[in-house]
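# Observations on the model geometry
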Amino acid sequence: LRFEWKVALGDQVLTLKERDYVRRARVLGSSDRTIMARHILPGVLPLVLANAVLYISISVLAETTLAFLGLGDPQNFSWGQMLNSAYDSGAMTQAKWAYFIPPGVCVTLLAMAFSLVGYALEEIVNPTQRERA
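Residues numbered from 1 in each chain as written. Predicted model: local features only at pLDDT ≥ 70, side-chain atom pairs only at ≥ 80, totals over all residues. Heavy atoms only, no water.

### A word on the overall build of the protein
Condition: Only DSSP runs of H or I with at least four residues qualify as helices, and only runs of E with at least two residues qualify as strands; both kinds are numbered from the N terminus onward. For each residue, the accessible area found with a 1.4 Å probe, counting protein chains only, is set against the maximum for its type, and the residue is called buried under 20%, exposed over 50%, and partly exposed in between. The contact definition used throughout considers only heavy atoms, calling two residues in contact when any of these lie within 4.5 Å. Accessibility throughout is a Shrake-Rupley quantity obtained with a 1.4 Å probe, and a residue counts as covered only by protein chains that appear here.
Counting secondary structure elements, the protein contains 5 helices and 0 strands. Moving toward the C terminus, one meets the helices and strands of the protein in the order α-α-α-α-α. Considering the protein as a whole, with its 133 residues, one finds that 22% of them fall into the buried category. Taking as baseline every contact in the protein between residues at least 6 positions apart, the subset at least 24 positions apart corresponds to 51%. If you sum the accessible surface of the protein, you get close to 9,700 Å²; carbon and sulfur atoms cover 63% of it.

Rendered as structure tokens:
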């Protein structure tokens, strides 16, 4: 997944680098920094934001899974440890919903919140999705 993201980002940068407006800016004497800030960065920013949000959600779910399996940091209390404690005490088989539903819902809501924020940021920064006034 990481390699694919770097390839997609690199392809996008190379595609933007060869666009006519970037060539015109270079011919008119714009510096590399100006071309990056005004032409290339706005084109790749949606891709970077979308992947950052994806990786944040994956990281939260991975930490929760590792903590549930007992492979997390025992010094830090986490939702995965809460789920592990509920599982070990038999809360799921004894229908003690209050022990495992709240941490499960919180993990789900956090991952969904990062996804929704990512979609909102993509709409804001993606020039192709902006409405023309």
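### A few points about unusual backbone geometry
Notably, Ala 95 is not glycine yet its phi reads approximately 60°, a positive angle. Its place among the elements puts Ala 95 in the loop between helix H4 (79-88) and helix H5 (97-125). For Ala 95, a relative accessible area of 41% translates into the label partly exposed.

### What to know about the confidence of the model for the protein
Stated formally: Each residue carries a pLDDT score, the predictor's confidence in it, ranging from 0 to 100.
The share of residues in the protein with pLDDT of 70 or more is 86%, and the mean pLDDT across the chain is 81. Highest mean pLDDT in the protein belongs to H4 (91); lowest belongs to helix H1 (residues 2-17) (65).

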